[in-house]
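A look at the structure
Chain by chain, the residues:
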Amino acid sequence: MGKRVINMFIPIFCIVLLSSSGESRILDELTLVNSIGFDISESGDKIIGVICNPIFQKDAPPKNNVLSAKAELKKSILQVIQEKSANPIATGSLEILLFGKELTKQKGILDLIDPFTRDPRIGTAMRMAIVDGNVREFMEGNYGVRGNAFFIKWTIDTAVNHGNLPKTNFHRFLVDFHSRGKSPYVPIIKKERENKIKIIGVGFIRFGKLVHQISMEEAFFFKLLTDKYSRGWHDVEIDGYKASIQNINTKRKFELTKSSPPYEVTVKIHLKGVINEYTGIMINNKALGKLETKFEEEIKKRSLELINVFKEKDIDPIGFGRFIKSEDRKFNYQKWRDDYYKNLTVKVDVHVDIDEVGIVE
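All values derive from a computational prediction rather than experimental measurement.

**Let's talk about the overall build of the protein**
Scanning the protein for helices and strands turns up eleven helices and 14 strands. Per-residue burial over the protein gives 50% buried out of 361 residues. Within the protein, contacts between residues separated by at least 24 positions form 67% of all contacts whose residues are at least 6 apart in sequence. Carbon and sulfur atoms make up 48% of the accessible area of the protein, which amounts to about 17800 Å² in all.

Shown next, in the form of structure tokens:
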């Protein structure tokens, strides 16, 4: 599939805002695409390309114009879409790149991504996501007054800045993919209603294919392990009562506690949080101390469970390999892949400080 797919997509991304003679094009004469999606046909032998461009209206929210085409792998899907568009397609304002879940599992996405890495007009801050469901149906929703692309981007950014989703964008994906010793990951998003979408998890990519996914509840612990500073939410139960804890500031640090194979890494996590809700009557210092201890134990347990699953799946989204390589000049990546990662010992040292108590029910 490799070179054929690359060759099939490159021509459409070579469309420029200036013609070869230097004559500028008027924006109204262009189809300014701000989101592109790819899916797989039911038969599995064709790729479906979907584009969405806003049509701006006077005194009204933009209309989301969606075009799609199905083509053999040897043909350019977006060139077929171009035939359906009255104006030339331009990708300079592209903000969202979407891939169907089944496409990502069966065919992989590396060949589809490659043309975007070669287009200098596409920003590396562009967001990526895997769609759980039909990509065209997802893009045909009506999600906000500023258009679908903005709303999808805003949803991802909000989940990163105030929720359990770790930092993610096109640039970070490429860095992780090309960096030895770290596996890339992508948010998984789903259409719930005509005007509502939801991030339902995080997907992990190996050799361009989706090989594992976790829920957003599990993503809380993954975010603690992968981001130096993170925020998020998690519920902890003590004595039959539930406390909703907002992680307001977390610092994470790696230490190479055994510098020769089999390696040992200690992950130190310091979390500061506030209790936003508590189902008990009141929470005193004794209960607060028990809550901190219970939370520390849960973070350690759930983090180690995630790490063991990642090792079983032969993925390293936390980046232990990249970290050890930076500490050990004799680091051998091939041996790391074949043996050292499987035998890596990871210890998690957690300290939780809960400074404030908010709502008590």
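Next comes the rest of the description.
**So, the pairing of strand β12 (residues 241-258)**
Relative to β12, strand β11 (residues 229-238) runs antiparallel, the two sharing nine bridges. Of the residues in β12, the one forming a bridge with Tyr229 is Lys251. The pairing of β12 with strand β13 (residues 264-278) spans 14 bridges and is antiparallel. Among the inter-strand pairings, Thr250 is bridged to a residue of β13, identified as Leu271. Hairpin connection between β12 and β13: a loop of five residues separates the two successive antiparallel strands.

**Side note on the environment of Met128**
The residue Met128 is located in strand β7 (residues 127-131) in this model. Judged by its relative accessible area of 2%, Met128 falls in the buried class. On a C-alpha basis, the gap between Met128 and Glu95 in space is 8.6 Å, while along the polypeptide they are 33 residues apart. Apart from residues lying up to four places away in sequence, Met128 is in contact with Leu97, Phe99, Ile109, Ile113, Ile156, Phe170, Phe173, Val186 and Pro187.

**As for the pattern of salt bridges**
Where side chains of opposite charge bring their charged atoms close, a pairing between them can arise. Summed over the entire model, instances satisfying the criterion amount to 19 salt bridges. Across the pair Arg127 and Asp157 runs a salt bridge, and its minimum N-O distance is 2.8 Å. Taken together, the positions of Arg127 in strand β7 and Asp157 in helix α6 (residues 148-162) put the pair 30 residues apart, joining distant regions of the chain. Residue classification places Arg127 among the buried residues on the basis of a relative accessible area of 12%. In this structure, Arg206 and Asp314 form a salt bridge, with 2.7 Å as the shortest nitrogen-oxygen distance.

**Thoughts on helix α7 (residues 170-178)**
Among all positions in α7, only Phe170, Phe173, Leu174 and Asp176 are buried. Down the axis of α7, the smallest arc covering the buried residues is 165 degrees, so these residues share one side. Packed against the buried residues of α7 are β6 (96-100), α4 (110-118), β7, β8 (185-193), β9 (196-206) and α10 (320-327).

**Topic: the environment of Thr117**
Of note, Thr117 is situated in helix α4. A relative accessible area of 38% places Thr117 in the partly exposed class. Remark: the alpha-carbon pair of Thr117 and Leu174, spanning 57 residues in sequence, is separated by 8.5 Å. A polar contact of 2.5 Å, which involves the side chain of Thr117, links it to the backbone oxygen of Asp114.

Procedures and definitions
Residues numbered from 1 in each chain as written. Predicted model: local features only at pLDDT ≥ 70, side-chain atom pairs only at ≥ 80, totals over all residues. Heavy atoms only, no water. Helix = DSSP H or I, 4+ residues; strand = E, 2+ residues; numbered from the N terminus. Buried < 20%, exposed > 50% of the residue type's maximum accessible area, 1.4 Å probe, protein only. Contact = heavy atoms within 4.5 Å. Areas by Shrake-Rupley, 256 points an atom, 1.4 Å probe, with all protein chains shown as cover. Pairing = 2+ DSSP bridges. Salt bridge = Lys/Arg side-chain N within 4 Å of Asp/Glu carboxyl O. Arc of directions from axis to C-beta. Polar contact = N/O pair within 3.5 Å; in protein donor to acceptor, adjacent residues only side chain to side chain.

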